[in-house]
Amino acid sequence: MMKIPKAPSTRRVIQYLVGFLILALLVNFLLGIYNFANLFAFFRPHSGVFITQQEILDAYNTHKTGAHGVLVAEPVIPKILHQVFHNWSDPESTTVNMPSDWEAARQSCIATNPEWEYKLWTAKASRDFIAAEFPWFLDSYDGYRYPIQRVDVIRYFALRHFGGIYIDLDNGCKLNLDPILHLPAFTTFGGHGTLSNNIIGGQPNHPLFLLLSESLRWWNWNWILPYITISYASGQWYFTAMWEKYHRLLRAGGTMKGFDGNGWAPLAYISMDMRPGAPEAYLFWDQRQGGSWDNWDSPWFGWIGSHIWLVIKWVVAAIILLVLSIVGCVYCCRWWLRRRRRAKASYQKLETDDIAL
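Residues numbered from 1 in each chain as written. Predicted model: local features only at pLDDT ≥ 70, side-chain atom pairs only at ≥ 80, totals over all residues. Heavy atoms only, no water.

Brief notes about the packing of helix 7 (residues 207–214) against helix 10 (residues 236–249)
A pair of packed helices can be characterised by two numbers: the angle between their axes and the separation between those axes.
Alright, step 1. Closest axis-to-axis distance for the helix 7/helix 10 pair is 9 Å, and the angle between their directions is 130°. By the angle between their axes, helix 7 is oblique relative to helix 10. Helix 10 is crossed by helix 7, and the crossing has right-handed handedness. Of helix 10, the residues touching helix 7 (which contributes P207, L208, L211, L212 and S213) are Y238, F239, M242, W243, K245, Y246 and L249.
Alright, step 2. Residue composition of the contact of helix 7 with helix 10, grouped by class: ten nonpolar, one polar and one charged. (Axes fitted to C-alpha atoms, helices over the stretch in contact; angles between N-to-C directions. Helix = DSSP H or I, 4+ residues; strand = E, 2+ residues; numbered from the N terminus. Parallel < 35°, antiparallel > 145°, perpendicular 65-115°, else oblique. Left-handed = near helix turned anticlockwise from the far one by under 90°. Contact = heavy atoms within 4.5 Å. Nonpolar A, V, L, I, M, F, W, Y, C, P; charged D, E, K, R; others polar.)

Structure (structure tokens):
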């Protein structure tokens, strides 16, 4: 006679479901850690094309003096230079009274690019622009917890609408920026960590700027610590996440999933690596005094950035210790339950024997 297999008990089904849920949560957590780590290029280089400033200048000079003096790559970025100065103590003021080193840096960019249109975005001009051109974002713009976040996001919307090149006020210009105009969109990279949003540029309505501006509301989370909130909701971490997303959406043939048109290509990130032995970091630009968005937790993350592998070892050790502690607790609980069941069974057996007697 063939035995009919027993259906799994409800308890066993629940155990399977809980185990599957825990496994799914663990896989999702590990994928999140992996993707976050790749913002800092831990496991693979940043997407796109790495290029040095010297390579850009050499290519421009070669093409400029080529046959008939015609450039091989036609400029696609309009000659518009964007910078942002928000007077946080008086946002409605149209008077520009910035620190002397920032003013000197600003004038260096104007002087080296005399044929370019120059736009200085004050707090009032920025808000008026958002209200007029992107009213759907105005509530989010006004609601940012930290004023520096409005400085971050106005650059994305300005480049989306006008195109051009954005430069932080603590970066000056050493050379004319015409050699960069053939890049459809670009950013800069300090050689380690995330990409930078200090100097970025591109043609208007490029998919990168559409991603940067359209995704802001979904990333506007309060991560408690100011540095993380600013970086991940609007700053360099956010910019790098959108840069990587752009390259994930690229398809063969130059199309992009979710975007019209074709001819889109991997984007260039320009070296500004100041470490010894790296290519010249300051060929087109230079560095002035910054730190306008420093908060009480900024020194912590500065230290972490300088000792990142030590921090990773600590984090891995803490995770291993946590896992071992959880496994140990589960084992102890199971052992205690088994012992309690045996004791209860023995007690019941003694009671039965006493009654039989």
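Points about the confidence of the model for the chain
The predicted coordinates ought not to be read in detail in places where the model reports low pLDDT.
Alright, step 1. Across the chain, pLDDT averages 84, with 84% of residues at or above 70.
Alright, step 2. The secondary-structure element of the chain with the lowest mean pLDDT is helix 11 (residues 298–306), recorded at 54, while strand 4 (residues 164–167) shows the highest, at 98.
Alright, step 3. Under a pLDDT of 50 for its full length, residues 66–71 has, in the predicted model, five contacts with residues more than four places off or in other chains. (pLDDT = per-residue confidence, 0-100.)

Topic: the sheet that holds strand 3 (residues 117–121)
Alright, step 1. Overall, mixed pairing links the seven strands, which are arranged 1-8-6-7-4-2-3 in an open sheet. The sheet terminates laterally at strand 1 (49–51) and strand 3, the two strands that pair on one side only. The mean inter-strand angle of the sheet, taken between neighbouring strand axes irrespective of direction, is 25°.
Alright, step 2. By the bridge criterion, two bridges tie strand 2 (residues 80–84) to strand 4 in an arrangement that is parallel. Each residue of the ladder has a partner; that of L81, found in strand 4, is I165.
Alright, step 3. This element, helix 6 (residues 147–162), spans strand 2, strand 3, strand 4 and strand 7 (196–202) of the sheet and lies at about 10° to strand 7. (Pairing = 2+ DSSP bridges.)

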